[in-house]
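Next come the chains, spelled out residue by residue.
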Amino acid sequence: MEVPSSWDALRKQARKLEAQLDEQMNSYRRVVSTKVTTKNDISENDLESGIDRLLKQLQQVNSQMQAWVSSGGSEMVSHTLTRHQEILQDLTQEFYRLRSSLRAKQEHASLLEDFREFDRTRLDLEEGVGSAEQALLKENASISRSTGQMDSVISHAQATLGALVLQRSTFGGINSKLSNVSSRLPTVNTILSAIKRKKSMDTIILSLVASVCTFVIFIYWLTK
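Computed from a predicted model, the values in this text were never measured in an experiment.

### Overview of the packing of aromatic side chains
For step 1, the next point in the chain: Using the criterion set out here, one finds two aromatic pairs in the structure.
For step 2, the next point in the chain: Taking 5.6 Å as the distance between ring centres and 45° as the angle between the ring planes, the aromatic pair formed by Tyr28 and Phe95 counts as tilted. In this pair, Tyr28 is assigned in helix H1 (residues 7–34) and Phe95 in helix H3 (residues 75–184), connecting sequence segments 67 residues apart. Like Tyr28, the residue Phe95 is buried in the burial classification.
For step 3, the next point in the chain: Both rings, one in Phe95 and one in Tyr96, keep their centres 5.9 Å apart while their planes meet at 45°; by these two values the pair is tilted.
For step 4, the next point in the chain: The buried category is assigned to Phe95, whose relative accessible area is 0%.
For step 5, the next point in the chain: The class for Tyr96 is partly exposed, based on a relative accessible area of 42%.
For step 6, the next point in the chain: An aromatic cluster is built from Tyr28, Phe95 and Tyr96, whose rings are joined through pairwise contacts.

What follows is the structure, given as structure tokens:
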């Protein structure tokens, strides 16, 4: 900024700076009234820097005007200086007030964003817990179904074993009767022996089948 060489030049420079400040302050007021984000963008930082720079320049001009008045200026000149100093003071106070308001709004927006993030995290955790509980319920239902199926298989196996025991007792009674007959009819003894061998083979086969079924049932229960 050039240093004016006369009082009129100082007044002209002061008015020019005040007009520029008034224009930029109007823009800054609009920014503060609509600002909702958490951080300043580049244009806002440039606007704040520009206003701060103009305020410092206006302060320098006022200081030069004060030096002019101190060197013997008239009462009118002193009154003009006072008016320019009041304008500078008003602009400076308003700028600091607006900037503080903007910072407060940014902090408020930041707190709201933090709260929303916390709420999202809490919901995610709750959904995760709900998913885990749902998985446990599904697993419990699957185990219950498997237990029911196992009980059904065991019931069938027990029924089969009972049938085999009944068949064995029946064969035992027949064998006793056939022994009595064989003692009386030697010719029939050979036939009876063959029947006994076949009966024993059938019993062995049935026993093996029952054992395999029981083993398969036990393996199935372990794998579930």
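Moving on from the model shown.
### Focus: a nonpolar patch on the surface
For step 1, the next point in the chain: Taken together, the side chains of Val212, Phe215, Val216, Phe218, Ile219 and Leu222 make up a nonpolar region of the molecular surface, amounting to roughly 580 Å² of accessible area.
For step 2, the next point in the chain: Judged by its relative accessible area of 47%, Val216 is partly exposed.

### Observations concerning the confidence of the model for the protein
For step 1, the next point in the chain: When pLDDT is averaged along the protein, the result is 75, and 61% of the positions lie at 70 or above.
For step 2, the next point in the chain: When pLDDT is averaged over each element of the protein, H1 comes out on top at 92 and H3 at the bottom at 70.

### Observations concerning the pattern of salt bridges
For step 1, the next point in the chain: With the rule as written, the count across this model stands at five salt bridges.
For step 2, the next point in the chain: With a shortest N-O distance of 3.5 Å, Lys56 and Asp52 are connected by a salt bridge. Highlighted residues: Lys56 and Asp52, both in helix H2 (residues 42–70), separated by four residues, approximately one helical turn.
For step 3, the next point in the chain: Since its relative accessible area comes to 53%, Lys56 is described here as exposed.
For step 4, the next point in the chain: Look at Asp52 and you get partly exposed, because its relative accessible area is 23%.
For step 5, the next point in the chain: For Glu86, the salt bridge identified is with Arg83, shortest N-O distance 3.6 Å. Of the two residues, Glu86 and Arg83 are both situated in helix H3; the distance of three residues between them amounts to about one turn of the helix.
For step 6, the next point in the chain: Of the residues examined, Glu86 reaches a relative accessible area of 38% and is grouped as partly exposed.
For step 7, the next point in the chain: Among the charged side chains, a salt-bridge network with shared partners connects Arg29, Glu94 and Arg97.

### Looking at the nonpolar core
When a protein is soluble and globular, its nonpolar side chains tend to lie buried together.
For step 1, the next point in the chain: One finds Leu21, Tyr28, Ile51, Leu55, Leu58 and Met65 to be the most contacted residues of the largest nonpolar core, which totals 24 residues.
For step 2, the next point in the chain: At the level of secondary structure, the elements contributing two or more residues to this core comprise H1, H2 and H3.
For step 3, the next point in the chain: Considering every element that reaches this core, the biggest residue donor is H1, with nine residues.
For step 4, the next point in the chain: When near neighbours in sequence (up to four residues on either side) are disregarded, Leu55 contacts Leu21, Leu88, Leu91, Thr92 and Phe95.

### Remarks on the side chain of Thr80
For step 1, the next point in the chain: Relative to the elements of secondary structure, Thr80 occurs in helix H3.
For step 2, the next point in the chain: If we ignore the near neighbours within four places in the chain, the residues touching Thr80 are Trp7 and Arg11.

### Things to note about H1
For step 1, the next point in the chain: Here H1 is 28 residues long and its end C-alpha atoms lie 41 Å apart, about the 40 Å a rise of 1.5 Å per residue gives.
For step 2, the next point in the chain: Within the sequence span of H1, burial applies to Trp7, Leu10, Gln13, Ala14, Leu17, Glu18, Leu21, Met25, Tyr28, Val31 and Val32.

Quick notes on the rules
Residues numbered from 1 in each chain as written. Predicted model: local features only at pLDDT ≥ 70, side-chain atom pairs only at ≥ 80, totals over all residues. Heavy atoms only, no water. Phe/Tyr/Trp six-rings, centres within 6.5 Å; stacked < 30°, edge-to-face > 60°. Helix = DSSP H or I, 4+ residues; strand = E, 2+ residues; numbered from the N terminus. Buried < 20%, exposed > 50% of the residue type's maximum accessible area, 1.4 Å probe, protein only. Patch = residues over 30% accessible without salt bridge, like charges linked within 9 Å, V, L, I, M, F, W, Y side chains within 5 Å. Areas by Shrake-Rupley, 256 points an atom, 1.4 Å probe, with all protein chains shown as cover. Salt bridge = Lys/Arg side-chain N within 4 Å of Asp/Glu carboxyl O. pLDDT = per-residue confidence, 0-100. Core = buried A, V, L, I, M, F, W, Y, C linked by side-chain atoms within 4.5 Å. Contact = heavy atoms within 4.5 Å. Expected span 1.5 Å × (residues − 1).

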